Amino acid sequence: MSHYYSRGRRLHVKLMSTVHFIAMIVLLVLFVAAAAVDRRTECPAPLTPVNGVIKCLLNGTSLECTATCLEGFSFESGQRVVTKRCNKTSGQWEGDVAKLTCIKPCLQRLLMGNDTNELQNFTASSSLPGVVFGPAAALFSREGAWRPSEDDITQFIQIDLGKAYHVTHIVIRGDEAGSYVSLFRLLHSDDNIRWHPYSEDNIVDKFFSGNVDSQTDRTILLTQPLTARYIRLNPLSWENHIALKIDIRGCSSTEDVTPSSEEGRCKVPFPPDKGAVSCEGNVSRQVCTAFCLGNLVFENKGPAIHYSCNEESDEISARGFPPCIERNTTTVPFVNISGSCMFEEIDCLNVASSNYQYCGSCHHFSTCSSGYLYVRACPEQLEYDARKGQCEYRSSTCSTSHVSRRAQV
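This text gives an overview of the structure that appears in the document. Just so it is clear, the structure is predicted and the values come from calculations on it, not from any experiment.

1. Let's talk about the state of the cysteines
- Considering all chains together, one arrives at ten disulfides under this definition.
- The disulfide partner of Cys-279 is Cys-288, and the S-S distance across this bridge is 2.1 Å. Judged by the torsion about the S-S bond (110°), the Cys-279/Cys-288 disulfide is right-handed. Exposure class is identical for Cys-279 and Cys-288. Each is buried.
- Here Cys-341 is linked by a disulfide to Cys-359, with a sulfur-sulfur distance of 2.1 Å. Taking the sign of the torsion about the S-S bond as the criterion, the disulfide between Cys-341 and Cys-359, at about 100°, is right-handed. A residue pair is termed long-range when its members are at least 10 positions apart, and Cys-341 in the loop between strand 19 (336–337) and strand 20 (354–357) and Cys-359 in the loop between strand 20 and strand 21 (364–369) qualify at 18 residues.
- Under the relative-accessibility criterion, Cys-341 is labelled buried at 1%.

As structure tokens, then:
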């Protein structure tokens, strides 16, 4: 009897040990899975562009950030508004959010073709007979296209800009009859004697992809703008024949087109669930305004709250945001708006890009830019006055007394 009892006890102990072991494995798997979920949502936070404002929100499986440069500035691509998305599963951004830098635009057309003397500034290694194939035919305003007498990689077309310019973009097209350049080099010179190939990052002599048909313009952004008086384009590959029209975009060499090296160190906070966060600032201080979407409000805080960040210490005054909940489940102040106000992105679709009253708070105001809505904060103790279009100690268009009225746009 004792033999069977002892054996049964051993089996019981062994069974319990096995159960404990399995339980530990399950807990370990759950812990690893939870850690993996946490990692899936870790999108690297972008920096607020100097001379710009950025808004981030959660959109399904993506973190979506839209950056807008202030009036008089643009991104290096020439755009004033750029939207980037980060996949929360992979934690990877599409494109480089670290290079969202606003600079003064440098997109002047440097080749107009209206001056007869300007036509003489176009020269080439060779050309077919006829005005429609000569170097000046490369101008967009002229008939035809430049065609060299031979199709080989020694051919080039050269432009004398008359003086040194910052060059930021090259635009090319084929002859609209089936011939075009598909690969080329770009060279530049200050004296028409010493020529330098265009260099970018670690590439000493960059080859550019050209057109894919003979009718469509191709615009090439020079991510490292060059400064030169003479520009030379050397075709390396072509379809049917070398045929080229060219335009050059840039600005005076006296203008500063170098992106600021004083990047802000404060990163954009992760937006609240069912909300968004807008950030702006300079190299010394950044202000972020978080706001709930729709008719939601922060628990016991209202629809919008703002935090500041000292760029030198890289410390934000508060981390994380309260949850966004239904307005009628918490006690928050209501505001009374005289006139219309902006509350959601749809409110910005049919109005001019400008500042407007924000429906949820007197201290904040809405900025509509190219159809996008940003919620921004007035300086401390100030309220936004829509009639004056600025922040005042007391607003004539907003008070914290009654229910706000939605925008009628």
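That covers the picture; the talk isn't over yet.
2. A look at the nonpolar core
- Judged by nonpolar contacts, the single largest core of 30 residues is most densely connected at Leu-161, Val-167, Ile-246 and Ile-248.
- Breaking this core down by element, the ones donating at least two residues are strand 7 (157–173), strand 8 (180–189), strand 11 (218–239) and strand 12 (245–252).
- Top element by residues in this core is strand 7. It accounts for seven residues.
- With residues near it in sequence (within four places) discarded, Ile-248 still touches Gln-108, Arg-109, Leu-110, Leu-111, Ile-159, Leu-161, Val-167, His-169, Ile-170 and Ile-231.
- Formed by 26 residues, the second largest nonpolar core is a distinct cluster that contains Cys-43, Cys-56, Cys-102 and Ala-290.

Reading guide: rules and limits
- Numbering of residues starts from 1 in every chain and runs along the sequence as written.
- In keeping with the model being predicted, local features are shown solely for residues with a pLDDT of at least 70 and side-chain atom pairs are shown and tallied solely at 80 or more, while totals for entire chains, interfaces and linings include all residues.
- Excluded from the side-chain calculations are hydrogens and water; all other atoms, namely the structure's heavy atoms, are used.
- Disulfides are defined in this document as cysteine sulfur pairs within 2.5 Å.
- Remark: exposure states derive from per-residue accessible area (1.4 Å probe, protein chains only) relative to the maximum for the residue type, with buried under 20%, exposed over 50%, and partly exposed in between.
- Numbering of helices and strands runs from the N terminus; a helix is a DSSP stretch of H or I covering at least four residues, while a strand is a stretch of E covering at least two.
- Residue types Ala, Val, Leu, Ile, Met, Phe, Trp, Tyr and Cys, when buried and joined through side-chain atoms within 4.5 Å, form a set referred to as a nonpolar core.
- The contact rule is simple, with two residues in contact once any of their heavy atoms fall within 4.5 Å.

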